[in-house]
Amino acid sequence: QVELVESGGGSVQPGGSLRLSCAASGDITSTFCMGWFRQAPGKEREGVAAIDSDGNARYAASVKGRFTSFKDYARNTLYLQMNSLKPEDTGMYYCAAGPMCDVHNGLFGLGMDYWGKGTLVTVSS
């Protein structure tokens, strides 16, 4: 059974940075596709980043150049480094994983069978 636990959310000023972590049960980082998704109040869920078992990543246009997702294979943890944060980045951030996804479809949540409970990110002055 795969369990995902996000951490690192909080409140930050515009222009600031946060690093989110997703700790996964078992050794899945080297075999699963994983990703980050977010949902702002009143908005639909949005794919933020998807990364495959080899570390290849795809990012939403809205975060490209500001966010970086990477895996620590030894610690079985997925990270999302968020820089130059904007108020529109505010939302609940979810980690997800699945054994059969690719990064293109994974960015839409396809193939993501397991989901964490989320960590809240608030960007405001």
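Just so it is clear, the model here is predicted, and its values are computed rather than measured.

Draft legend 1. Summary view of the overall build of the chain. If you tally the helices and strands in the chain, you get one helix and 11 strands. If you list the helices and strands of the chain from N to C, you get β-β-β-β-β-β-β-β-β-α-β-β. Expressed as lengths along the three principal axes of its C-alpha atoms, the size of the chain is roughly 40 × 25 × 25 Å. For the chain, the proportion of its 125 residues judged to be buried stands at 46%. Intrachain contacts of the chain at a sequence separation of at least 6 include 59% that bridge at least 24 residues. Distance between charge centroids for the chain: 7 Å, based on 11 positive and 12 negative side chains.

Draft legend 2. Representation of the nonpolar core in the model. Ranked by internal contacts, the top residues of the largest apolar core, which has 26 residues, are Leu4, Met34 and Met82. The set of elements that each furnish at least two residues to this core consists of strand S3 (18-24), strand S4 (33-39), strand S5 (46-51), strand S8 (77-82), strand S9 (91-98) and strand S11 (119-123). The element contributing the most residues to this core is S3, with four residues. Excluding anything up to four places from it in sequence, Met82 contacts Gly16, Ser17, Leu18, Leu20, Arg66, Phe67, Tyr93 and Val121. If you look at the next biggest cluster of nonpolar residues, it comprises five residues, including Cys33, Phe37, Ala96 and Cys101.

Draft legend 3. Representation of the pairing of S8. Across the six residues of S8, six count as buried, placing the element largely inside the fold. Of the two faces of S8, the one carrying Thr77, Tyr79 and Gln81 and the one carrying Leu78, Leu80 and Met82 are both buried. The pairing of S3 with S8 spans six bridges and is antiparallel. When the sheet's bridge partners are listed, Leu18 is paired in S8 with Met82. When strand S7 (residues 67-72) meets S8, the two strands line up antiparallel, connected through six bridges. Within the sheet, the bridge partner assigned to Asp72 lies in S8 and is Thr77.

About the thresholds
- Residues numbered from 1 in each chain as written.
- Predicted model: local features only at pLDDT ≥ 70, side-chain atom pairs only at ≥ 80, totals over all residues.
- Heavy atoms only, no water.
- Helix = DSSP H or I, 4+ residues; strand = E, 2+ residues; numbered from the N terminus.
- Buried < 20%, exposed > 50% of the residue type's maximum accessible area, 1.4 Å probe, protein only.
- Contact = heavy atoms within 4.5 Å.
- Lys, Arg positive; Asp, Glu negative; His and termini not counted.
- Charge placed at Lys NZ, Arg CZ, Asp CG, Glu CD.
- Core = buried A, V, L, I, M, F, W, Y, C linked by side-chain atoms within 4.5 Å.
- Pairing = 2+ DSSP bridges.

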